[in-house]
Amino acid sequence: MSPPDPVEPSSPPAMDSALPAAVVATILSHLDVLSLLATSAVCRCFRSCASHALTFLSSFHLLEVALTHELLRPLLPPNPSLRSLRLDCNRLEDAAIGCLVRTGLHELMLLNCDNISGRLLRELGATCQDLRVLSLHSLAERRGLPISFSDLQELLNGCSQLECLRLALDFSMFDDPNFSHVWASASETLTSLEFGYIPMVMLLELLTVAMESQQAMHHVKTPVFFPSLQKLCLSVDFITDHLIGSISTALPSLTHLDLQDAPIIEPTTSSDLTNAGLQRINPNGNLKHISLMRSQEFLFTSFRRVNDLGILLMAEKCSNLESVCLGGFSRVTDTGFRAIIHSCSGLHKLRVSHGSQLTDLVFHDIIATSLCLTHVSLRWCNLLTDVGIERLSFNKDLNILDLRECRSLGDEAVRSLSCLPKLQILLLDGTDISDQALKYLGVGTCPLASLSLRGCRKLTNDCIPLLFAGSVKQNLQVLDLSRIPSITDDGIMLLARSRTPLIELRMRENPKVGDAAVMALASMLVDGGTHGSSLQLLDLYDCGRITPLAIRWFKKPYFPRLRWLGITGSLNRVMVDALVRSRPFLHMACRGEELGTLHWDTFSDWYRHNDDDFDELEQWLLDGDLVSGAETSLEE
Amino acid sequence: MAAGKPVVMVTLVSSDGQSFQLLEEAALLSAMVRDTIQIGQGRGPAGIPIRNITGQTLSMVVVYCNKHYTAAAAADGDDAADEEKKVANKKQLREWDEQFINLEQDKLYDILVAANNLGIDGLVDLCCWRFADMMKGKSASEIRVKLGIRDDFTSEQRAQIEKDSPWVWSRTT
């Protein structure tokens, strides 16, 4: 084919001319889908090899853009080797179901299925007998789309190999007299089950049926429910003692329990969690992960009927715990939290939010334990001070640390963290740090990949050169500088000048950031100048000095990699609309939404992830791969 | 490994006349050598001539074959070994591979061609992986520059690409 380019005499021979097409196709099949599609525009040889590779790829993961059916169809030719398919279905409707439902699939993960009806479940049941992992997000949420119990029934009857089922949707649409019984026909190998919201009546009935079948097992031949279930994640109206007791009895082999509620009215004594309920959790000590969260989405509320005693009772049986997440236990004090730290020797993930009574004393003698914590999140723990964090920093394995809204933390806390050798994600939103803290980070040795300074109001422009003085710019990919009133265009110019190849930059609601900042970022050159800005996500929502002039910096060829842009839509409606038309695959958010792919996924909080999922985040951190949204998944 | 087994060596001769001796079992990683020996040739003192592969490249290929043969032999040797150790060994070998293949592009290219001609699947895969790693996240023009490839599309084809994949426009230009 084409001769080698005579650029320089020593240049290697052109790869496309000397290698057999099969070898080129093998090379391409090692690429992520987006890179593969880029190679198909390199030359004719690559183009034909890329389209060949699409017929034997074993996995097709494309979550970065939501394609229309017309654009997607040619990318998914018949491919008997395809085992794993992950897509953003934002622009797909029922017509695309044929494209998604494939015989050989083992894994199917679809985000934003709002415009696809329940027919998808039915067709999956009819076609995908080998499906092991199914994850669907907001299926049929568009008003008027049909989805019914019989769809679920077909799915469970048909996919007899299912191991992991994750349906992030409202189960009240599956309300049917047979809802409980249909699970007897579900795959026997089902190990993981995650529901979006499920009404209490349906859930309790299901658990009752499961319990009855267990008790009757010896006398009559009854259907078996969930013989191998290990992981259960649910969102309910109220977490109650009765619910915990039923789960413990009906599903004794669970290793992973994750419950969340969001009360719309204050729970009564009979519909709330108490110390007695916590005592019934984990009766056999099998649990490795417990997550109990009370969300304040609708009501300022907490688990008011649980105190230290409840946590002490729970901790007694929890020596096997590896990960614990407690949200909204407002009456639990240091005594309770210490009980967990001291009785769970294998604990590596600890997450407490709204621990309004948690103080430094929790970590006072942490050095005496053998704990090896890797992920710690202490949100809204206002009594926590620098002393506690210094104690915590004895854990040299800390990888992710979330201290958002711990308002009493200051520079000394950051100083003690700045030499942690594995710290990659650090979230300091709303803490009381100053530029001095960033100086510590700048001269420190953390391999930070993601840093959030949102709402640290004491910071000034000077913090930028201090942060990038040392090794930080080698690894940092995600930075949040939102809501820092003193940050101006000058600060952002310093950031651009540091030539840090950031992938995500958030600086929303900064009154003094304007067009000059956008210009500086747009003309930023990294990696020898061939690249243009490396940013994939830029949030400028409600930046005070952005004018319509800024819009032109988002046109071709600036920001070549940008996929997410947050901006104030009222700025200039006409120009924003024109930009949307010229860059159809740029997600524009004009109403202040948080940006990022996984942000919409209510299941994406890291504490919920099992180890497999987590590897992906680590993978992303390690390779600097294009799996965006890992940071946003922490946003909650 | 079996101590009584006679040690058979094979000689590979590169295009520029350098010869390399290695254990026959290690050389058998190459499908080409396997075929040659099967038809009863190559065991003699003249060795197996390897056309189109220079001594410099062949020496690297020999290093790879020796390492992988030794690793496989060690794994066979203690077959009772626990799973954990096996996983650790595998990981170690993978790390060695990655270190080994961390090469300049032209050397990598030579090795890929050599591995492909000799039919050493593992090495072909490793080179492919490394090439893919170099192309990951790059735009079409960046790949062209990096690999010295000429854009041979007609303007009609170019328009078709824009139409087929508008979401990569930024990466194709």
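In this text, all values refer to a predicted model and were calculated from it rather than measured experimentally.

Student: What is the right way to read the confidence of the model for chain B from this model?
Tutor: When pLDDT is low, close inspection of the predicted coordinates is not appropriate. Residue and element names in this part refer to chain B. Per-residue pLDDT for chain B averages 83, and the proportion of residues at 70 or more is 90%. The element-level mean pLDDT for chain B is lowest in helix H9 (residues 169-172), coming to 42, with helix H6 (residues 121-135) highest at 91. The model gives residues 169-173 a pLDDT under 50, and that stretch makes 24 contacts with residues more than four places away or in other chains. Reported for the predicted complex are a pTM of 0.84 and an ipTM of 0.82.

Student: Would you explain helix H5 (residues 105-118) of chain B in this entry?
Tutor: Since the α-helix packs 3.6 residues into each turn, any two residues three or four apart lie on the same face. Residue and element names in this part refer to chain B. Between its terminal C-alpha atoms H5 stretches 20 Å, which fits the 20 Å expected from 14 residues at 1.5 Å a residue. Gln 105, Leu 108, Tyr 109, Ile 111, Leu 112, Ala 114, Ala 115 and Leu 118 are the residues of H5 that are buried. Downstream of H5 by one or two residues, Gly 119 has phi in the positive range, about 70 degrees.

Student: Is there a simple way to think about the UniProt feature "domain: SKP1 component POZ" (unreviewed entry) in chain B in this case?
Tutor: According to UniProt, the positions carrying the feature "domain: SKP1 component POZ" (unreviewed entry) are residues 9-68 of chain B. Annotation note: span residues 9-68 of chain B, helix share 43%, strand share 20%, distance between end C-alpha atoms 16 Å.

Student: What exactly am I supposed to notice about the packing of aromatic side chains here?
Tutor: Two numbers describe a pair of aromatic rings. These are the distance of the centres and the angle of the planes. Per the stated rule, a full pass over the model turns up 12 aromatic pairs over all chains. Taken together, a centroid distance of 6.1 Å and an interplanar angle of 75 degrees make the contact between Phe179(A) and Trp183(A) edge-to-face. Here Phe179(A) falls in the buried class, since its relative accessible area comes to 2%. Overall, Trp183(A) belongs to the buried group, its relative accessible area being 1%. When the ring of Tyr64(B) is compared with that of Phe100(B), the centres are 5.9 Å apart and the planes differ by 40 degrees; the resulting orientation is tilted. Taken as a pair, Tyr64(B) in helix H3 (residues 55-77) and Phe100(B) in helix H4 (residues 83-101) lie far apart in primary sequence, 36 residues in all. What links up through ring pairs into an aromatic cluster is the set Phe171(A), Phe174(A), Phe179(A), Trp183(A), Phe195(A), Phe225(A) and Phe226(A). The side chain of Arg94(B) reaches across the aromatic face of Trp129(B), ending 4.8 Å from its centre.

Student: For this particular structure, what's the right way to read the side chain of Asp88(A)?
Tutor: Residue and element names in this part refer to chain A. Structurally, the position occupied by Asp 88 is in strand E2 (residues 84-88). Buried charge without a partner: Asp 88 forms no salt bridge, and the closest opposite charge is Arg 91, 7.5 Å away. Among the polar contacts listed, one links the side chain of Asp 88 to the backbone nitrogen of Asn 90, at a separation of 3.0 Å. A distance of 3.0 Å separates the side chain of Asp 88 from the side chain of Asn 112, its partner in a polar contact.

Student: What is the right way to read the domain arrangement of chain B from this model?
Tutor: A common way to report how large an interface is uses the accessible area buried once the components associate. On domain assignment, one finds that chain B holds domain 1 (9-121) and domain 2 (137-173). If you average the C-alpha positions of domain 1 of chain B and of domain 2 of chain B, the two centres end up 37 Å apart.

Student: Looking at this structure, I do not really get the environment of Leu373(A). What am I missing?
Tutor: All names here are of chain A. For Leu 373, the position within the fold is in the loop between strand E11 (349-353) and strand E12 (375-379). According to the relative accessible area criterion, Leu 373 is buried, its value standing at 0%. Taking the C-alpha atoms as reference points, Leu 373 and Gly 346, separated by 27 residues in sequence, lie 8.8 Å from one another. Residues contacting Leu 373, with those up to four places away along its chain left out, are Leu 347, His 348, Lys 349, Leu 350, Ile 366, Leu 392, Asn 395, Asp 397 and Leu 398.

Student: Looking at this structure, I do not really get a nonpolar patch on the surface. What am I missing?
Tutor: On the surface, a cluster of nonpolar side chains totalling about 340 Å² of accessible area is made up of Ile264(A), Ile265(A) and Phe298(A). The topology assignment puts Phe298(A) in the loop between strand E9 (289-294) and helix H13 (308-316).

Student: What is the right way to look at the pattern of salt bridges in this model?
Tutor: Any two side chains of opposite charge can pair, so long as their charged atoms come close to each other. Evaluation of the coordinates by the stated rule reveals 29 salt bridges over all chains. One salt bridge connects Glu266(A) with Arg304(A), and the closest N-O pair in it is separated by 3.3 Å. Taken as a pair, Glu266(A) in the loop between strand E8 (256-261) and helix H12 (275-279) and Arg304(A) in the loop between E9 and H13 lie far apart in primary sequence, 38 residues in all. When its relative accessible area of 35% is taken as the criterion, Glu266(A) is described as partly exposed. By relative accessible area, Arg304(A) is classed as partly exposed at 38%. Between Arg561(A) and Glu142(B) there is a salt bridge, with the nearest N and O atoms lying 3.3 Å from each other. Highlighted residues: Arg561(A) in the loop between strand E18 (537-539) and strand E19 (564-566) and Glu142(B) in helix H7 (residues 140-147), drawn from two different chains. Of the two residues, Arg561(A) and Glu142(B), neither departs from the other in class, the shared state being buried.

Student: Looking at this structure, I do not really get the UniProt feature "domain: F-box" (unreviewed entry) in chain A. What am I missing?
Tutor: The positions UniProt marks with the feature "domain: F-box" (unreviewed entry) are residues 19-58 of chain A. Its end C-alpha atoms 23 Å apart, residues 19-58 of chain A is made of 65% helix and 0% strand.

Student: Looking at this model, I keep getting lost on the pairing of strand E1 (residues 9-13) of chain B. Mind explaining?
Tutor: Two faces, one strand: in a regular strand the side chains alternate between the faces of the sheet. All names here are of chain B. Of all 5 residues that make up E1, 4 are buried, and the element is covered over most of its length. Where E1 and strand E2 (residues 19-23) come together, 5 bridges link them in antiparallel fashion. Its bridge partner being in E2, Leu 12 is matched across the sheet by Phe 20. The antiparallel hairpin formed by E1 and E2 contains 5 residues in its connecting segment, where Gly 17 sits at a positive phi of about 85 degrees. Pairing of E1 with strand E3 (residues 48-49), which is carried by 2 bridges, proceeds in the parallel orientation. Across the sheet, residue Leu 12 finds its bridge partner in E3, namely Ile 48.

Student: Any chance you could explain unusual backbone geometry here in plain terms?
Tutor: Outside of glycine, negative phi angles account for most residues, and trans bonds account for most peptide bonds. Residue and element names in this part refer to chain A. Phi is positive for Ser 138, which is not a glycine, with a value near 45 degrees. Relative to the helices and strands, Ser 138 is located in the loop between strand E4 (133-137) and helix H8 (149-158). For Ser 138, a relative accessible area of 6% corresponds to the buried category. With a phi close to 65 degrees, Glu 405 is a non-glycine residue in the positive phi region. Taking the relative accessible area as the measure of exposure, Glu 405 reaches 14% and is therefore buried.

Definitions and cut-offs
Residues numbered from 1 in each chain as written. Chains lettered and ligands numbered in written order. Predicted model: local features only at pLDDT ≥ 70, side-chain atom pairs only at ≥ 80, totals over all residues. Heavy atoms only, no water. pLDDT = per-residue confidence, 0-100. Helix = DSSP H or I, 4+ residues; strand = E, 2+ residues; numbered from the N terminus. Contact = heavy atoms within 4.5 Å. Expected span 1.5 Å × (residues − 1). Buried < 20%, exposed > 50% of the residue type's maximum accessible area, 1.4 Å probe, protein only. UniProt positions renumbered as here; feature names shortened; annotations may be inferred. Phe/Tyr/Trp six-rings, centres within 6.5 Å; stacked < 30°, edge-to-face > 60°. Lys NZ or Arg CZ within 6 Å of the ring centre and 35° of its normal. Lys, Arg positive; Asp, Glu negative; His and termini not counted. Salt bridge = Lys/Arg side-chain N within 4 Å of Asp/Glu carboxyl O. Polar contact = N/O pair within 3.5 Å; in protein donor to acceptor, adjacent residues only side chain to side chain. Domains from an automatic or database assignment. Patch = residues over 30% accessible without salt bridge, like charges linked within 9 Å, V, L, I, M, F, W, Y side chains within 5 Å. Areas by Shrake-Rupley, 256 points an atom, 1.4 Å probe, with all protein chains shown as cover. Pairing = 2+ DSSP bridges.

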